[in-house]
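Structural features, examined
Letter by letter, the chains look like this.
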Amino acid sequence: MRKMIQKGWKAVAALATLALGLASCEKALEEKPLSFLSPENFYQSEGDARIAIAGVYNALYTYDLYLQPMWNLTVLDDDHVSGVDWFLGTSGAGNPQGYWGVNGPWVGCYSVIARANTVLENVERMTAGIDADVKRRILGEAHYLRGWAYFQLVQLYGGVPVRVKSLSADPNANIPRAPVKEVYAQVVADLKKAEEMLFPFGHAKAGEAGHATKGLASSLLAKAYLTMASGSLATGNVIVRGGTDNGNYTHAKTVVAGLEGLDSKAYFQLARDKAKQVIDSREYSLFPNWKDIWSKAGRNRQENMWQLQSMAGTPFVNNLSIYFSAYSTFGRGAVWFTNNHYQDYEDADRRALDGVSHNYLTNTGTPYYYPSWQAAQYRIVNGVTYNNNGTTDNRAYTIKFADVNDPTVANSDAFFPLMRYAEVPLIFAEAANEAVGGPTAEAYAQLNVIRSRAQASPAPAGMSQEQFRSYVLAERAREFVLEGVRRFDLCRWGIYLQVMNRISAGQNNISKVRAARNLLLPIPQAELNSNRSITANNPGW
Amino acid sequence: MVTGRYQSALISFLGRANYAYDDRYLLTVSYRHDGSSKFGRNNKWAGFPSAALAWKLHNESFLAKSKAISNLTLRLSYGMTGNQGIGSYASLAKLAVYNYPFNGTLQTGLADDVFAGPANAGLRWETTTAYNAGLDLGLAGGRVNVHVDAYRKRTDDLLQYITTPASTGFQRQLRNSGSVQNQGIELALDAVVVRNAKLTWKTLFNISFNRNKILSLGGDLKEQFANNISTRDAPFIQVAGRPIGSIFGYREDGYYDNEAEVRSSPIYYNQPLAIIRRMVGEIKYLNLDGDASSISLTDRTFIGDVNPDFIFGFTNNLTVGRFDLSLFLQGVQGNDIVNMNTVWNGNIGTSKNVSEQVLAGAWLPGKDNSEATAPKPIRQFWRTLLFSERFIEDGSFLRVKNLTVGYTLKQRAVKGISSLRLALAVNNLYTFTKYSGYDPEVNSYGDNPALFGVDLGGYPNSRSVNLSLRCGF
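About the thresholds
- Starting from 1, residues in each chain are numbered consecutively following that chain's sequence as written.
- Chains and ligands are labelled by the order in which they are written, letters from A for the one and numbers from 1 for the other.
- Thresholds applied to this predicted model are a pLDDT of at least 70 for local features of residues and 80 or more for the giving and counting of side-chain atom pairs; totals over whole chains, interfaces and linings are not thresholded and use all residues.
- The side-chain figures draw on all heavy atoms in the structure; neither hydrogens nor water molecules are used.
- Each helix is a run of DSSP H or I of at least 4 residues and each strand a run of E of at least 2, with the numbering of both proceeding from the N terminus.
- A radius of gyration in this sense is built from C-alpha atoms; the matching globule rule multiplies 2.2 Å by the number of residues raised to 0.38.
- To sort residues, take the accessible area from a 1.4 Å probe on protein chains only and compare it with the maximum for the residue type: under 20% means buried, over 50% means exposed, and anything in between is partly exposed.
- Contact between two residues is taken to exist if any of their heavy atoms lie within 4.5 Å; hydrogens are not considered.
- Per-residue and other accessible areas were derived by the Shrake-Rupley procedure at a 1.4 Å probe size, with only the shown protein chains allowed to occlude residues.
- When charges are tallied, Lys and Arg are placed among the positive residues and Asp and Glu among the negative ones, while His and the ends of the chain are skipped.
- All charge positions are set by atom: Lys at NZ, Arg at CZ, Asp at CG, Glu at CD.
- A quick way to say it: buried area is the sum, across both parts, of accessible area lost when two parts are put together, with a 1.4 Å probe.
- Definition used for salt bridges: Asp or Glu carboxyl oxygen within 4 Å of a side-chain nitrogen of Lys or Arg.
- N or O atoms within 3.5 Å of each other form a polar contact, as long as, within protein, one can give a hydrogen and the other can take it, and as long as residues adjacent in sequence are counted only when both atoms are side-chain atoms.
- Gly is put with the polar residues, along with every residue not named as nonpolar or charged; the nonpolar set is Ala, Val, Leu, Ile, Met, Phe, Trp, Tyr, Cys and Pro, and the charged set is Asp, Glu, Lys and Arg.
- pLDDT: the predictor's confidence for each residue, scored from 0 to 100.
- Strand pairing is assigned whenever DSSP detects at least two bridges linking the two strands.
- Axis geometry follows a simple rule: fit a line to the C-alpha atoms, using only the stretch in contact for helices, then measure angles between N-to-C directions, giving values from 0 to 180 degrees.
- In plain words, nonpolar cores are sets of buried Ala, Val, Leu, Ile, Met, Phe, Trp, Tyr and Cys residues tied together by side-chain atoms within 4.5 Å.

**Observations concerning the overall build of chain B**
The helix and strand tally for chain B stands at five helices and 28 strands. Its C-alpha radius of gyration of 30 Å places chain B more than 25% over the 23 Å reference for a compact globule of 473 residues. For chain B, the residues scored as buried account for 45% of the 473 residues in total. In chain B, 64% of the contacts between residues at least 6 apart in sequence involve partners at least 24 apart. Summing over all exposed atoms, chain B offers an accessible surface of approximately 24200 Å²; the carbon and sulfur share of this is 55%. Of the charged side chains in chain B, 49 are positive and 39 negative, and the gap between their average positions amounts to 10 Å.

Below, the structure written as structure tokens:
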């Protein structure tokens, strides 16, 4: 092999040119956003503040909250609900982990909280370009929404991390779970701020219907007080009609974990007084005709204090109507309430007469009636014969979500009630009874306001404290069936497990068997994996 | 309707120097300085040096006359490279459109973009530093060649989405987080085994062993999980000292055969009767944490690893007279696959179909259930199959990737045609594997290294048969 000496650099790049080039390149590498806004120079005008608060409400209308998980995990999990097993087989059967939306309430409520925090920090700083009253109201709305979200979280998960600053104001992402009482303290603080800053319904600066109002904040505050009071009450019994034989069963209440030692009576007094304040303010009132609550014309009016705002022809539509109504794209709806609960209404009660679809057609035109034992009344109507096989056809479908823009499509504009004024007189009645150790005349009066509006007979006179308590709880179930109230009622009275397991196998074979872990939802695994200050999940998960 | 406009800029300066001495020593040195618009204001620039040295021993006097060795080269190299494979604007805070209707009027809404995550002004280049030592050996005038490479690569400041606690209002953030090391050996051998007038036989074999290890996750992070692979399951754990692709989950211990067995478990002894009864014929999960009263997340452990022990390929080309034959085998050994089909089609009794094996292996009352492979078949919706070993399978396989048989006609055998070759080729002819899914060569998440080895029921490699005729005129 020939030896060859080859010497020398083949190529040399002048590194010196580098230094020269760098300075002029800095500008070329600067990023200018072309199709999105940056938060740094947003929050300038009143319009910006309105846009920011709308962004908080938006978190309600997501696949974390009211595009199903929030109502699926609460409405489908009580003693009065029944439905098809393919829909009630997860959260409706004590198996929320099998449901795709199980993490929704956590993620969605914290989305509300984070956005509310951002509004509070940035709108607070605005001085020019915004009406002082509107600014105050928008801050009040942020407090309301944050308080609402923590109230949902503490009921569903127990103690949760309390964040009152945005991640940019407080970059610590690892916040530990606060004790239950501290979360309630935040709920109360936010709702107090909200009722102080918000305008009453109908005020010129209150914003369009759908925005939070003063009366709404006070009512939710009353409900929070009531939840704390009933949850912390150490002893007592609640009589609940149920089991498989629909008999009356007396359940000894338990204390809600984390509320031990609270002055229950004081909180009942607070709830009573706050409810009284809302009643006396006359900011809201009942519809004289119960059915009007659920008509399209009744939306956002009078009794409908706060509803999920839907809008046909936009992305803000949901599938409440096809899941809960008699007529459905499935044929018939997937969710109804039980025959046992139906028997809890008097025959003349408008909530049973008008509130249930007694004669209806499926999407293929098959006529059905309900219930089979009232065949004389409903089997043949106007010459049409309706069907009912006496067993699986006995489905008490509510009319609450049926009046929508187009009932024949999977997604329509049903409004979901987030707070209804009818709750306020019942909060008063329940709290007044507990506050003084028995039902007062005014407690009876407010209870009968709800009963007489439904054309039901007045509540029986001379009830004991325990009987009155149980009666109000049952009245709440009659008034708010399938509105996401019952499960919370059973839990805050500490009788959820007793009531559910008394039934065991529910109507249409929906399992009502519940273990202790069902009192709370599991904290999402992603939170446990990433938040180093949370080391354990809720008991049993 | 939301559309996006993006812009990004990359500026590079590159310098390289080569030096060769006597065709025995070769040296290459380079340096590049890159600036990318995608990173934080103060982290846009980074420098990446590299150097390589080769020693051609066959040109040294002591080997120059060797007949046996035609090539013997030793190689050493070192190099740094940068990765900027992320989207634009990742270091900036973004507002996204989140509208809401009020009483039938749509109101524009804006809030922090959940998908973009919180802004990270400190975002910088991901860098990889690689060392390589290699040897090339040529024998018998190039008839036999051997290449051996040993390498170690370390990647720092990995650009990845890290799960942020949802309690912050965000679910992920793009960060420079963690360091990963890959090291291994690659061996390639090619040889002309036989070459004479009648017969030619060439063979080619390569095998590589790679070991992946997470060195750190960044900051004081001890463990983290890759994204969910179903609504509920996120089995890929990342822990320092273990490879990316470690699987974390529950271990099983058969089935509860009777009520007494359920009652004897501290998890169930004081549960309602209905729950105790329905647990008969259900999966018994091992309780591995200190808390005997429940099966919870802390009962999980390492149950698999999607990284193979080695991968290899083997090609043989044979020519006998006018016939030619080529056979290409490919194999992977020692990896696990997360078979999500068994998750979706494994929970018997819901409104979904299950596979036949699940029904055949179901626990049944009154039967000898020691070999049962699935819980009891009853209509139910309450059963949650926790992520356990049952969803993980050995993904080792040996595949006949290609077999080609050809025949070339004698030149000018047909008038007007200068050459004619007829060949039959079969791709993916046969796969030797124990994997129960469609195809062990599966990667449903594409090139996402955090989620390798997952079978979401994708379309398998198809077997194709090609008959070809080639004419030259």
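That was the structure; now back to the text.
**Regarding the environment of histidine 80 of chain A**
Residue and element names in this part refer to chain A. Note that histidine 80 resides in the loop between helix H3 (69-75) and strand E1 (81-83). Here histidine 80 falls in the buried class, since its relative accessible area comes to 8%. Not counting the four nearest positions on each side in its chain, histidine 80 is found in contact with Trp336, Phe337, Thr338, His341, Ala477 and Arg486.

**Concerning the interface of chain B and chain A**
Taken together, the contact between chain B and chain A spans 84 residues of the former and 90 residues of the latter. Carbon and sulfur atoms supply 63% of the area buried between chain B and chain A, which totals about 7200 Å² over both sides. The interface formed by chain B and chain A holds one salt bridge in total. With its nearest N and O atoms 2.5 Å apart, the salt bridge here joins arginine 379 of chain B to aspartate 85 of chain A. For the pair chain B and chain A, the interface holds 14 residue pairs in polar contact (both at pLDDT 80 or more). Per element, the largest residue contribution to the side of chain B that touches chain A is eleven residues, and it comes from strand E1 (residues 10-21) of chain B. Taken together, the residues of the side of chain B that touches chain A sort by class into 38 nonpolar, 31 polar and 15 charged.

**Quick notes on the confidence of the model for chain B**
All names here are of chain B. Chain-level statistics for chain B give a pLDDT mean of 91 and a share of 99% at 70 or above. Here strand E15 (residues 223-225) stands out as the element of chain B with the lowest mean pLDDT, 84, in contrast to strand E6 (residues 100-102), whose mean of 97 is the highest. Here the predicted complex scores 0.85 on pTM and 0.92 on ipTM.

**Brief notes about the pattern of salt bridges**
All names here are of chain B. This structure, assessed with the given rule, holds 55 salt bridges over all chains. Between aspartate 324 and arginine 421 there is a salt bridge whose closest N-O contact spans 2.6 Å. Here the residue aspartate 324 occupies a position in strand E22 (residues 323-333), and arginine 421 occupies one in strand E26 (residues 419-433), the gap between them amounting to 97 residues. With a relative accessible area of 17%, aspartate 324 lands in the buried category.

**Some remarks on the sheet that holds E15 of chain B**
Residues and elements named next belong to chain B. Strand order in the open sheet formed by four strands is E15-E16-E17-E20, with antiparallel pairing between adjacent strands. Edge strands, defined here as strands with exactly one partner in the open sheet, are E15 and strand E20 (301-305). On average, adjacent strands in this sheet sit at an angle of 45° to one another, irrespective of strand direction. Pairing geometry for strand E16 (residues 236-239) and strand E17 (residues 246-249), over two bridges, is antiparallel. Across the sheet, phenylalanine 236 pairs through a bridge with isoleucine 247, a residue of E17.

**Structural notes on the sheet that holds strand E27 (residues 454-455) of chain B**
Residue and element names in this part refer to chain B. The strand order E24-E23-E27 describes an open sheet built from three strands, whose pairing is mixed. Only two strands of the sheet have a single partner each, and these edge strands are strand E24 (392-394) and E27. Relative to E24, strand E23 (residues 336-339) runs antiparallel, the two being bridged by three bridges. From the neighbouring strand, isoleucine 337 faces E24, where its bridge partner is glutamate 393.

**Here we look at the pairing of E17 of chain B**
All names here are of chain B. Residues Ser246 and Phe248 of E17 are buried on one face, and the alternating residues Ile247 and Gly249, pointing to the opposite face, are buried as well. Hairpin connection, E16 to E17: the antiparallel pair is bridged by six residues, and glycine 241 has positive phi, about 95°. Relative to E20, E17 is paired through four bridges, and the arrangement is antiparallel. Residue phenylalanine 248 lies in a different strand from E20, and its bridge partner there is phenylalanine 302.

**What to know about the nonpolar core**
Counting 191 residues, the largest nonpolar core has Leu60, Tyr66, Tyr144, Trp148, Trp306 and Phe324 of chain A as its most contacted members. The element that contributes the greatest number of residues to this core is helix H6 (residues 132-157) of chain A, accounting for 14 residues. With near-sequence residues (within four places) excluded, tryptophan 306 of chain A lies in contact with Tyr57, Leu60, Tyr144, Leu145, Trp148, Gly210, Leu216, Phe416, Pro417, Leu418 and Met419 of chain A. Phe48, Ile86, Trp125 and Leu174 of chain B belong to the second-largest nonpolar core, a separate cluster that totals nine residues.

**Some words on the confidence of the model for chain A**
Per-residue pLDDT for chain A averages 93, and the proportion of residues at 70 or more is 96%. In this model, residues 1-18 of chain A is a region of pLDDT below 50 whose contacts with residues beyond four sequence positions or in other chains number 27 contacts.

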